[in-house]
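The chain contents come next:
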Amino acid sequence: MTSPQHEGHRRLLIANGSILRGVGVDDVPEIADVLIVDGVITEIGTDLVAVRDEATEILDATDKLVIPGMINSHYHSHDTLAKGTLEEEPLEYWRLMALPPQYPKRSREEVKARTLLGAYECLRSGMTTVQDMVTLFPFDPEHLEAVVEAYEEIGIRAVVGLQYADKKGISTIPFWEDVFPEELHGSLSTAAEPDADIDQLSYLEEHYLQGPARERVTWALGPSAPERCSTGLLQRTMALAEKYDLQIFTHIYESKGMALQARREYPQYAGSLIRRLQEEGMIGPRVNLAHSVWLLPDEIELLAETGTNVVLNPLSNLKLKSGIPPIHALEEAGVSFGLGCDNCSCSDAQNMFQAMKLFALVAAISNPDPGPNQADRAFHAATAGGAHALDREEDLGRLAPGYRGDVVLMDLTDPTFVPLNSAVRQLVYTESGRGVTDVVVDGRIVIRAGVLQTIDPADLLARIASVVPEFQKDFEQVKKRADGLSGYLLEAHHRTWAEDVGANRLFTGR
Ligand SMILES: [Zn+2]
């Protein structure tokens, strides 16, 4: 019988789970039910049996650890087909092989298929929200619509931010203009390049920001990196963010080259991109700085003073030889941070368990003294820290009444959790992602017993298979061309590493 008071409401009861409410290493999961009504958690308790009726969908969570859906706070959907293509490479090499401006224009089918694939991988490893800083180059409105469609169809929560810039990439990388022959300059690029044909921000504003709100796809702004953007573009970004109440995501000091560029290009700001951002007005709680590997102590203080956020990406930072961010200094200063899995071509996995573990381990070697606990900080960054980055800490990243019903169930009978000594430590140090069984977004079951529910997995695989040959053919050409440039790349790289930028974030054993 449908109770009259339930009519018209979508109700999901996650029953008899081991609920992890906190992020502390000593927090003990409690056996309880979680009731989600119309996408919002309304109750968590042991006496919710009364709400079990025909109108309520039941998800049995017996022997399951119930955690908040994790948040991938820095991610790019544009290269999900490139996982496993590359070994470790310096960031500046990798950009020439992996990023859209080096490739011929993609098909709409490929854009949609790759977006679905990345979202599917995120969901399968317990992430219910992605911040997708996507480069669509050359920009095509159909490609943006394909991204939005993909997220809506698969049912993940997505905060989409187009990645844009208005300076030519080659002018923003130390020594490139010097070492590369002039005839090559026009064909060298970075993560985003100026787009002469369309003003992406105007298009975004007119067609999406002013349009009706969507349920799970929302917007952020993605200026690629401060050194790739003019003063006008940064100021326009901040104005648009304030007008539409949007968060901003940008890359800062990912590699030593980016720190060196700041020293050389901005003497008026003491060589600091953070001081430049402060002068341009693009600083504060709206702003999220991905990577932040080469921050200096006074810059960290400025971030703390202004409430500016950081998003750490240990997987890509290690693989691209960018180095280890000053995690202890960020923590001591009280800078809020989330975690990201970054690109598939340099992290290879959209797996927050890998990111959390690596975060905790690089934190360990960024300070010779013991402590503090890093497992709880890692799990906080993957949940509430990510919610803070998205300005959604009031309704994402926790299991509590009033929060969105974004919930992940994990198998407590898996060896990972046997015996259960500390749920949080085992999530961070032991779990690989194998234990994720069910994923709920907005109170909808998106993965049930490991199987995608929102779209047919076989259909998704067929879509991918149909676009992969073209991608692989183009990748081979792009890689071959980049390999032919390796002498110039190495020359610029060695010149960069010969310079002093006031810090060293790479462990060389010397
Ligand atoms: Zn990135």
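Just so it is clear, the model here is predicted, and its values are computed rather than measured. (Residues numbered from 1 in each chain as written. Predicted model: local features only at pLDDT ≥ 70, side-chain atom pairs only at ≥ 80, totals over all residues. Heavy atoms only, no water.)

The next point concerns the overall build of the protein chain. When helices and strands are counted, the protein chain shows 17 helices and 17 strands. For 510 residues, the compact-globule estimate of 2.2 N^0.38 gives 24 Å, and the C-alpha radius of gyration of the protein chain, at 23 Å, lies within 12% of that figure. Referenced to the eigenvectors of the C-alpha coordinate spread, the extents of the protein chain come out at roughly 75 × 50 × 40 Å. Out of the 510 residues belonging to the protein chain, those deemed buried represent 61%. In the protein chain, of all internal contacts separated by at least 6 residues, the share reaching a separation of at least 24 is 78%. Of the roughly 19,200 Å² that the protein chain leaves accessible, carbon and sulfur atoms contribute 50%. Here the protein chain carries 46 positive and 76 negative side-chain charges, and the mean point of each set is 2 Å from the other. (Helix = DSSP H or I, 4+ residues; strand = E, 2+ residues; numbered from the N terminus. Rg over C-alpha atoms; globule rule 2.2 N^0.38 Å. Buried < 20%, exposed > 50% of the residue type's maximum accessible area, 1.4 Å probe, protein only. Contact = heavy atoms within 4.5 Å. Areas by Shrake-Rupley, 256 points an atom, 1.4 Å probe, with all protein chains shown as cover. Lys, Arg positive; Asp, Glu negative; His and termini not counted. Charge placed at Lys NZ, Arg CZ, Asp CG, Glu CD.)

Every buried residue belonging to helix α15 (residues 423-430) is among Ala423, Val424, Gln426, Leu427 and Val428, and all of these are buried. If you follow the buried residues of α15, they end up packed against β5 (64-68), α13 (352-364), α14 (375-389) and β14 (407-411).

Listed as protein donors to the zinc ion are His74 (NE2), His76 (NE2), His251 (NE2) and Asp342 (OD); their distances from the metal cover 2.0 to 2.8 Å. Geometry at the zinc ion is irregular, judged from the four donor atoms that bind it and their angles of 82 to 171° at the metal. Site description for the zinc ion: donor spacing in sequence, H-x1-H-x174-H-x90-D. Taken together, the residues span a long stretch of sequence, with His76 in the loop between β6 (70-75) and α1 (91-98) and Asp342 in the loop between β13 (337-339) and α13 at a distance of 266 residues. Residue His76 is classed as buried on the basis of its relative accessible area of 2%. (Donors = N, O, S within 2.8 Å, 3.2 Å for Na, K, Ca; no water. Tetrahedral: all angles 85-135°; square planar, octahedral: opposite > 155°, others 65-115°.)

A few words on unusual backbone geometry. For the peptide bond that leads from Phe137 to Pro138, omega is -10°, which places it in the cis range. Inspection of the secondary structure puts Pro138 in the loop between β7 (127-134) and α3 (141-154). With an omega of -5°, the peptide bond between Gly371 and Pro372 qualifies as cis. When you line up the elements, Pro372 lands in the loop between α13 and α14. Phi at Ser292 takes a positive value of approximately 55°, unusual for a residue other than glycine. Looking at the element boundaries, Ser292 is found in the loop between β11 (287-291) and α10 (297-306).

Here the focus is the packing of α13 against α14. Following both chains from N to C, one finds α13 and α14 inclined at 140°, their axes separated by 9 Å at the closest point. Viewed along their axes, α13 and α14 adopt a mutual orientation that is oblique. Of the two elements, α13 crosses α14, and the hand of that crossing is right-handed. Contacts from Met352, Met356 and Phe359 of α13 reach α14 at Arg377, Ala378, Phe379 and Ala382. Classifying every residue of the contact of α13 with α14 gives six nonpolar, no polar and one charged. (Axes fitted to C-alpha atoms, helices over the stretch in contact; angles between N-to-C directions. Parallel < 35°, antiparallel > 145°, perpendicular 65-115°, else oblique. Left-handed = near helix turned anticlockwise from the far one by under 90°. Nonpolar A, V, L, I, M, F, W, Y, C, P; charged D, E, K, R; others polar.)

Let us look at the sheet that holds strand β10 (residues 247-252). One open sheet holds the eight strands; their spatial order is β6-β7-β8-β9-β10-β11-β12-β13, and the pairing between them is parallel. A single partner strand is all that each edge strand has here, and the edge strands are β6 and β13. Pairwise comparison of adjacent strand axes, ignoring direction, gives a mean angle of 25° for this sheet. As judged from the five bridges shared by β10 and β11, these two strands associate in the parallel manner. Among the inter-strand pairings, Phe249 is bridged to a residue of β11, identified as Asn288. Against the sheet, α3 contacts β6, β7, β8 (157-164) and β9 (217-223), and its axis sits at roughly 135° relative to β9. Sheet strands touched by α14: β6, β10, β11, β12 (309-312) and β13. Its angle to β13, the strand with the most contacts, is close to 110°. (Pairing = 2+ DSSP bridges.)

This part takes up the pairing of β7. Burial analysis of β7 places eight of its eight residues in the buried class, the great majority of the element. The pairing of β7 with β8 spans six bridges and is parallel. Of the residues in β8, the one forming a bridge with Asp132 is Val160. Once you follow β7 into α3 and on to β8, the crossover reads as right-handed. (Right-handed = clockwise from strand over helix to strand, strands pointing away.)

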